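Residue strings, one per chain:
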Amino acid sequence: MTAARHTFRWWPVDGGRHAIPGELQPGQPGETLCHRPFTRSCGEPSKLEWLWPTCLACYDRARGRTHVSRADLGPEPGPHPAGDLSSRSGSWTPAPG
Ligand SMILES: [Zn+2]
């Protein structure tokens, strides 16, 4: 039982861009928000991987969570900074259709 708001971040897994728990550390096994088991790699995903189609199940579940980036990981998740999306290669929008 925790009142803390759950966090998430986007991560390329198995050909799709899934949402993973924000607290998951590199090298730590876990599962995506659509319950796909995976182990977070220690390296950075490539630009190509960020272009993979967004998992709609993860997209739907992530809406109830707070997005975090690597730098934001702290005890107090703040409001989403404006303009954050433009500085990243991955975007929040799901694939059309
Ligand atoms: Zn997913």
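Only a predicted model underlies this, so the values are computations on that prediction, with no experimental measurement involved.

K.L.:
Kindly report on the pairing of strand E2 (residues 16-21), identifying the contributing residues and their values.
P.N.:
Both strand E1 (residues 7-13) and E2 contribute to a ladder of six bridges, which runs antiparallel. Its bridge partner being in E2, Arg9 is matched across the sheet by Ile20. Hairpin connection of E1 to E2: two residues between the antiparallel strands, including Asp14 at a positive phi of 50°.

K.L.:
An account of unusual backbone geometry is requested, with residue identities and associated values reported.
P.N.:
In the Ramachandran plot, Asp14 falls in the positive-phi region, its phi being about 50° despite a non-glycine side chain. By the element assignment, Asp14 lies in the loop between E1 and E2. By C-beta crowding, Asp14 is classed as exposed, having 10 other C-beta atoms within 10 Å. Positioned with a positive phi, His35 is a non-glycine residue whose angle comes to about 65°.

What counts as what
- Residues numbered from 1 in each chain as written.
- Predicted model: local features only at pLDDT ≥ 70, side-chain atom pairs only at ≥ 80, totals over all residues.
- Pairing = 2+ DSSP bridges.
- Helix = DSSP H or I, 4+ residues; strand = E, 2+ residues; numbered from the N terminus.
- Buried ≥ 20, exposed ≤ 12 C-beta atoms within 10 Å, placed from the backbone.

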